[in-house]
Amino acid sequence: MRTPSARTARTAVASALAVVTLVSLGGCSSDDDNVDETSVEPRPPALSPATAVAPAGVVRAFAPVDALTFDSATRTLVALTDASTTVSLVDGEASSEPRVVDLGGSAAELVAGRDSSVLVPMDGVLSRITVADAQRTDTPVDGRALSAADLPDGTTAVGDATGRIRILDAAGQVTGTVSGPGVTSADALASTPDGVSVLDRRQTSITDLNLDDDTLGVALRAGEGAAEMTSDEYGRLLVTDSTGTELLVFTSHDLLMRQRFPVGSAPWAIAYDEQSGIAWVTLPARNEVVGYTLDTGIPVEAQRLPTVRQPNSVAVDAETGDLYVGSATGDGLQRIPAAGR
């Protein structure tokens, strides 16, 4: 575990070397000039072969998993399961029987919310589930919601299939709407101390949102086929480019691509471990999860581990560093203890 002083040093090194990395890209944003003129059909995760190597750690029988997150406050692993129609909550170290919440429909995503809750965007509704008691509260929304994020001011951003992002107050009332031709599909949202950004898979781009005046801000191309996005404690946006087989790192305060690294084999899910500074990326086509450190100006492979079949989701326990990988084909839920890696 790094001490605060070590983290500070790591940040300073990363910031300094990022300048060198950006220069070495030789104008990596040159393909960003006409972000709104490109549209691609988003690809699903690569299909996995049968596992040839025993998965690392411990695997338990579990329903097919489409998304994962871990709530450290309640020590609960939360999974989107059964073709995205249920949410399963597993207490402790993934050994107890899950508490299952029926969603009454198919969800687009599962993301961590404020106060130990999870957000589940669906067609016509945003569900919030409190982890402690598994209670679900639904807020009606217009359109097919694809993404959601709780914001620091107590509001919640919800993105839909048309690229529109609505801001909801605590009562579920719309207080602002951001839309425009620059975003055609709001597939993922990230809130950082520097603002809010949206990932558009169809245009494989990231766009900043100007919530003060409900307008779209700066946009950048995110590889050839952006898949998933997360953020870290430094406000960086981490994106997997499944088509371009790269890990991309952006700063959110000025939306610049700082790092890009070829990881190979159609990367998909991503999770960041603040304790180790490692970004974990799944490679479904290889049944692997790979960890990359980001503190040297370019991602460096730290560890590569075999997984369950079809590892379309990954989550990290922020307290222990334990890694969780879910199989989308029902081949189990995998826990890889940090101490054993």
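These numbers come from a predicted model, not from an experiment.

Asks: I keep staring at the pairing of strand 26 (residues 333-336) and nothing clicks. Help me out?
Replies: Look at any regular strand and the pattern is simple: side chains alternate between the two faces of the sheet. Burial of strand 26 is two-sided: the residues Leu-333 and Arg-335 facing one way and the residues Gln-334 and Ile-336 facing the other way are all buried. Here three bridges tie strand 1 (residues 58-60) to strand 26, and the two strands are oriented antiparallel to one another. The partner of Arg-60 across the bridge, within strand 26, is Leu-333. Pairing geometry for strand 25 (residues 323-327) and strand 26, over four bridges, is antiparallel. Of the residues in strand 26, the one forming a bridge with Leu-323 is Ile-336. Linking strand 25 back to strand 26 in an antiparallel pair, the connection comprises five residues, with Gly-330 at a positive phi of about 80°.

Asks: Quick question: what am I supposed to make of the environment of Ser-117 here?
Replies: Here Ser-117 is to be found in strand 7 (residues 117-130). Relative accessible area serves as the criterion here: at 4%, Ser-117 is assigned to the buried category. Placed 46 residues apart in sequence, Ser-117 and Asp-71 show a C-alpha to C-alpha distance of 8.1 Å. Sequence-distant contacts of Ser-117, defined by excluding residues within four places in its chain, comprise Val-111, Ala-112, Arg-128, Ile-129, Thr-130, Val-131 and Asp-150.

Asks: So what exactly am I meant to see when it comes to the sheet that holds strand 19 (residues 256-262) here?
Replies: Strands in a sheet are paired, the pairing made by backbone hydrogen bonds, and the direction either parallel or antiparallel. With antiparallel pairing, the four strands of this open sheet are ordered in space as 16-17-18-19. Each edge of the sheet is formed by a strand with only one pairing partner; in this case those strands are strand 16 (226-231) and strand 19. In this sheet, adjacent strand axes meet at a mean angle of 20° when their direction is disregarded. Sheet topology note: the strand 17 (residues 236-241)/strand 18 (residues 246-251) ladder contains six bridges and is antiparallel.

Asks: I keep staring at the environment of Gly-321 and nothing clicks. Help me out?
Replies: Locating Gly-321 in the fold gives a position in the loop between strand 24 (311-316) and strand 25. Under the relative-accessibility criterion, Gly-321 is labelled buried at 3%. Each C-alpha atom of the pair Gly-321 and Asp-273 lies 6.6 Å from the other, and the pair is 48 residues apart in sequence. Excluding residues that lie within four positions of it along the chain, Gly-321 makes contacts with Asp-273, Val-316, Ala-338 and Arg-341.

Asks: What is the right way to look at the sheet that holds strand 10 (residues 165-168) in this model?
Replies: The strand order across the open sheet formed by six strands is 6-7-8-9-10-11, and the pairing between neighbours is antiparallel. Here the strands that pair on one side only, and so sit at the sheet edges, are strand 6 (111-112) and strand 11 (174-178). Two elements, strand 10 and strand 11, share four bridges in a ladder whose sense is antiparallel. Its bridge partner lying in strand 11, Leu-168 is registered against Val-174.

Asks: Teacher, can you tell me more about the pattern of salt bridges here?
Replies: Between side chains of opposite charge, pairing is possible as soon as their charged atoms come close. Within this structure, the stated rule accounts for 14 salt bridges. The partner of Glu-41 in a salt bridge is Arg-202, and the shortest N-O contact between them spans 3.2 Å. Here the residue Glu-41 occupies a position in the loop between helix 1 (4-24) and strand 1, and Arg-202 occupies one in the loop between strand 13 (195-200) and strand 14 (205-210), the gap between them amounting to 161 residues. Residues joined in a network through salt bridges with shared partners are Arg-114, Arg-128 and Asp-150.

What counts, and where the lines are drawn
- Residues numbered from 1 in each chain as written.
- Predicted model: local features only at pLDDT ≥ 70, side-chain atom pairs only at ≥ 80, totals over all residues.
- Heavy atoms only, no water.
- Buried < 20%, exposed > 50% of the residue type's maximum accessible area, 1.4 Å probe, protein only.
- Helix = DSSP H or I, 4+ residues; strand = E, 2+ residues; numbered from the N terminus.
- Pairing = 2+ DSSP bridges.
- Contact = heavy atoms within 4.5 Å.
- Axes fitted to C-alpha atoms, helices over the stretch in contact; angles between N-to-C directions.
- Salt bridge = Lys/Arg side-chain N within 4 Å of Asp/Glu carboxyl O.

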